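# A look at the structure
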Amino acid sequence: MNGQHTYSEITTQPDAWQDALAAFAHLEGELRRQWTAVSPQQLIFIGCGSTHYLSQTAAALFQALTGIPARAYPASELILFPERTLQDAADSLLVAISRSGTTTETLTAVNQFQQRGGTAVWTITCYPDSPLAQLSDLVLPAAAAQEESVAQTRSFASMLLLTQAMAASLAGYDITPLLHALPDIGRDLIAQAEPLMAELGRDTSLERLYFLGSGAQFGIANEAMLKMTEMSLTPSQAFHFMEFRHGPMSMGTGKSLIAGLLSPTAFTWEHQVLLEMAEMGAHTLALNPTTAVSDTEFHINLPPDLPDWAYPILYLPPLQLLAYHRSLAKGLDPDNPRNLTAVVYLDTAVF
Ligand code: F1P
């Protein structure tokens, strides 16, 4: 059956989260020691495709929690424009995120960072023995999240969870109780969300999908867009919530589904955007982490009253399932997305 690997990787991902958290617990002391020793003036997060979007969320979390300026770039930007992205390499910590640890652009970007005086490199990867890991001072592994499918699902979520744990730990939060509750929260969320995600995924009258997210959720909205694109070949776009009014809302019709990744702190502003789009005829789905009622057509309730840093991972399972079911509804095989490979290798002579 099409998509067997993808379905299994999505629905069992809380097990992989648990494994990543166990690895984190062993490394937390070394993490804090290296953080103190490096004392970075700025943080640079890099990745490609999904892991670039993961970097966006990681940078938002680290900057919010540690107060240190943090930027996210596609790895290629460090290669093409080092004078603009690596001007303070010597005072920076570079965090390279890569499921495979072998993507040419990411490896080349780390080399570029080091050639320009950068000395502190951390890696988050599913392959702790990969070439990227060998370039790094610290490796945060998500080995149990390795997957057969090309499109990242449990790998993305497990590596994201590591960044959430890292940022909260380095900010001094006592994270253990909540971190260890997240896998069970994820299992309940998958069971709760799947019927609606299957229904919406199968509704091919929804021809265009939009994912709205702000703050740390913008990277997740981009990842949801990429999953929908890779798995189901459906035109999808991601925007910051308030940006949607500035043009893209012209596409808010009865043939579009607008999924809002609502955040605890900006709920009122974000929810208002969804209500206005519904007035224009669009179908709206709210992923709601608050106890406030979301008056949208469809909604998924996330557990309320968690700290902000805990939420990013929880938006993923419903949106991964939405893409999976849309792929099957279109007769595609999410295990083997058209034209894609699990890793992009380039001839380094081109750089
Ligand atoms: C990066 C990546 C994936 C994408 C596809 C091709 O891989 O661009 O994000 O979904 O699988 O490779 P990696 O550096 O995270 O291994």
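What this report covers is the structure whose coordinates are included nearby.

Calculation rules
- Here, residues in each chain are numbered from 1, in the same order as that chain's written sequence.
- Reporting of local features is limited, given that this is a predicted model, to residues whose pLDDT is at least 70; pairs of side-chain atoms are given and counted only at 80 or more, and all residues count toward the totals for whole chains, interfaces and linings.
- With hydrogens and water excluded, all non-hydrogen atoms of the structure serve as input to the side-chain values.
- Secondary structure elements follow DSSP: runs of H or I no shorter than four residues count as helices, runs of E no shorter than two count as strands, and numbering proceeds from the N terminus.
- Between buried and exposed lies partly exposed: a residue is buried under 20% and exposed over 50% of the maximum accessible area for its type, with that area taken using a 1.4 Å probe on protein chains only.
- For accessible areas, the Shrake-Rupley method is used with a probe of radius 1.4 Å. Any residue's cover is judged against the shown protein chains and nothing else.
- Residues counted as positive are Lys and Arg, residues counted as negative are Asp and Glu, and His and the chain ends are not counted.
- Just so you know, the charge point we use is NZ for Lys, CZ for Arg, CG for Asp and CD for Glu.
- Only rings of Phe, Tyr and Trp enter the pairing, Trp through its six-membered ring, and a pair is recorded when the two centres are within 6.5 Å. The plane angle decides the type: under 30 degrees is stacked, over 60 is edge-to-face, the rest tilted.
- To obtain the arc, one takes the directions from the helix axis to the C-beta atoms.
- Throughout, a residue-residue contact means that at least one pair of heavy atoms, one from each residue, lies within 4.5 Å.
- Axis definition: a line fitted to C-alpha atoms, over the contacting stretch in the case of helices. Angles run 0 to 180 degrees between N-to-C directions.
- We call two directions roughly parallel when the angle between them is under 35 degrees, roughly antiparallel when it is over 145, roughly perpendicular when it lies between 65 and 115, and oblique otherwise.
- Classification convention: Asp, Glu, Lys, Arg as charged; Ala, Val, Leu, Ile, Met, Phe, Trp, Tyr, Cys, Pro as nonpolar; all other residues, Gly among them, as polar.
- Strands are treated as partners if at least two bridges between them are detected by DSSP.

### A word on the overall build of the protein chain
For the protein chain, the count of helices and strands is 12 helices and 10 strands. A burial count over the protein chain gives 59% of its 351 residues as buried. Of the roughly 13500 Å² of accessible surface on the protein chain, a fraction of 52% belongs to carbon and sulfur atoms. Across the protein chain, the 16 positively charged side chains and the 34 negatively charged ones have centroids separated by 5 Å.

### Side note on the packing of aromatic side chains
Inspection of the entire model under this criterion finds 7 aromatic pairs. Taken together, a centroid distance of 6.3 Å and an interplanar angle of 50° make the contact between Trp35 and Trp122 tilted. Of this pair, Trp35 sits in helix 2 (residues 13–38) while Trp122 sits in strand 4 (residues 120–125), placing them 87 residues apart in sequence. For Trp122, a relative accessible area of 1% gives the class buried.

### What about unusual backbone geometry?
Not every positive phi belongs to a glycine, and Leu233 is a case in point at roughly 55°. When you line up the elements, Leu233 lands in the loop between helix 10 (217–232) and strand 7 (236–239). A relative accessible area of 32% places Leu233 in the partly exposed class. The residue Asn339 is not glycine, and still its phi comes out positive at about 70°. With respect to the element layout, Asn339 can be found in the segment after helix 12 (316–329). According to the relative accessible area criterion, Asn339 is exposed, its value standing at 76%.

### A few points about helix 1 (residues 4–11)
Along helix 1, the positions that sit buried rather than exposed are Thr6, Glu9 and Ile10. All buried residues of helix 1 lie within an arc of 100° about the axis, which places them on one face of the element. Buried residues along helix 1 sit against helix 2, helix 8 (154–170), helix 9 (176–202), helix 10 and helix 12.

### Examining the packing of helix 2 against helix 9
Put simply, helix 2 and helix 9 touch, their axes get as near as 9 Å, and they point 170° apart. One finds that helix 2 runs roughly antiparallel with respect to helix 9. Residues Gln13, Pro14, Asp15, Trp17, Gln18 and Leu21 of helix 2 form the contact with helix 9, whose own contacting residues are Leu179, Leu182, Pro183, Gly186, Arg187 and Ile190. When its residues are assigned to classes, the contact of helix 2 with helix 9 shows 7 nonpolar, 3 polar and 2 charged.

### A word on the sheet that holds strand 6 (residues 208–213)
On the basis of which strands lie adjacent, the open sheet formed by 5 strands has the order 7-6-8-9-10 and parallel pairing. Where the open sheet ends on each side, the last strands, each with one partner, are strand 7 and strand 10 (298–301). Here the average twist between neighbouring strands, direction ignored, is 15°. Pairing analysis gives 6 bridges linking strand 6 to strand 8 (residues 256–261), with the strands arranged parallel. Paired with Tyr210 across the strands is Ile258, a residue of strand 8.

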